[in-house]
Amino acid sequence: MEHRLWPSRDAAGQFGPRVYANWRETSLGSITEAIERRLIVRLVGEVRGRNVLDVGCGDGALTSAFSQSGAAHVVGCDIDPQMIARASAQAIRDQAAIDYIIADAECLPFRHESFDVVSIITVLAFLPNPDLAIREIARVLRPGGRLVIGDLAKWSLWAASRRIRGWLGLASMWEAARFRTAGELRMLAQAAQLRVEQVSGAIYYPRSRFLARLVAPLEPRLGGLTTLGAAFLAVRASKV
């Protein structure tokens, strides 16, 4: 959960792809990333033959997974040119047919009803107008299309540590970030006239490699029982 940092327009490029890579190279990061990815992929469901958009795609890890799963057309957008450059270079190396563009989540450059599936993962906490971003996603979704939101939870030890780091000036991106509850994420989707189908949690351990390894096998069961204490929240909604 040290990824998907969405900078302001003026700060675009402040967070380079190396931030992602450094996090994934740690034991805690690799465990955490794998748990989040499994939850997102499960909620997204079947993408084979569908048009898929990942808003705030970062270095393209999720878009690559969609492409490998047989999606007909995969698009990733991010406001950070460094992220788009890194994702595009990886797609070329993998010979993956993925389109990457620089774009603002609050003003998506796509036609109405262009996509069957849209994901937006750990981006909303950094946007000044997240309601506008969700409305834009609803606009580009086809009827019956599916949205999966993944975001940073408000009440967890991870959130507390981020707030403290922001207040102390140790990590400026956390100072302006707004963490939300499951209920708040649900209301964002519903306000855009989307039907919420499922809300799940993940990452029920603090920032500890030992506890991550201990709790990881229990994550699917915990996520099905409650979102209380989860550091990561995921919402699946559909366009009626």
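Check the entry above for the structure.
Everything numeric in this text was worked out from a predicted model, so none of it was measured. (Residues numbered from 1 in each chain as written. Predicted model: local features only at pLDDT ≥ 70, side-chain atom pairs only at ≥ 80, totals over all residues. Heavy atoms only, no water.)

Peer 1: Which residues make up the nonpolar core, and what values do they have?
Peer 2: Side chains of a nonpolar character, in soluble globular proteins, are inclined to be buried together. If you look at the biggest cluster of nonpolar residues, it comprises 68 residues, and the most contacted ones within it are Leu53 and Ile134. Dropping the residues within four chain positions of it, Leu53 is found in contact with Val75, Cys77, Leu108, Phe110, Phe115, Val117, Val118, Ser119 and Val140. Membership of the second largest hydrophobic core comes to 9 residues, among which are Ala125, Ala159, Trp174 and Phe179. (Core = buried A, V, L, I, M, F, W, Y, C linked by side-chain atoms within 4.5 Å. Buried < 20%, exposed > 50% of the residue type's maximum accessible area, 1.4 Å probe, protein only. Contact = heavy atoms within 4.5 Å.)

Peer 1: I'd like a rundown of the environment of Val117, residues and numbers included.
Peer 2: For Val117, the location among the structural elements is in strand S4 (residues 115–121). Separated by 61 residues in the primary sequence, Val117 and Gly56 have C-alpha atoms spaced 14 Å apart. In this structure, Val117 is in contact with Val44, Arg50, Asn51, Val52, Leu53, Leu141 and Arg146, ignoring residues within four places of it in sequence. (Helix = DSSP H or I, 4+ residues; strand = E, 2+ residues; numbered from the N terminus.)

Peer 1: For helix H5 (residues 130–140), give the residues involved together with the corresponding values.
Peer 2: Among the residues of H5, Pro130, Ala133, Ile134, Glu136, Ile137, Ala138 and Val140 are the ones counted as buried. Close packing links the buried residues of H5 with strand S1 (51–55), S4, strand S5 (141–152), helix H8 (182–191), strand S6 (194–202) and strand S7 (232–239).

Peer 1: So what about the sheet that holds strand S3 (residues 98–102)? Which residues, and what values?
Peer 2: One open sheet holds the 7 strands; their spatial order is S3-S2-S1-S4-S5-S7-S6, and the pairing between them is mixed. Lying at the two open borders of the sheet, with one neighbouring strand each, are S3 and S6. Sheet twist, expressed as the mean angle between neighbouring strand axes with direction ignored, is 15°. Relative to S7, S5 runs antiparallel, the two being bridged by 7 bridges. From the neighbouring strand, Gly150 faces S7, where its bridge partner is Ala234. Set on the sheet, helix H4 (residues 81–94) makes contact with strand S2 (73–78) and S3; between it and S3 the angle comes to about 165°. The strands that H5 touches are S1, S4, S5, S6 and S7; relative to S5, the one it contacts most, it runs at about 150°. (Pairing = 2+ DSSP bridges. Axes fitted to C-alpha atoms, helices over the stretch in contact; angles between N-to-C directions.)

Peer 1: So, unusual backbone geometry: which residues are in play, and what are the values?
Peer 2: We note that Gln95 has phi near 55°; this positive angle belongs to a residue other than glycine. With respect to the helices and strands, the residue Gln95 is situated in the loop between H4 and S3. Look at Thr122: it is not a glycine, yet its phi comes out positive at around 45°. Residue placement: Thr122 occurs in the loop between S4 and H5.

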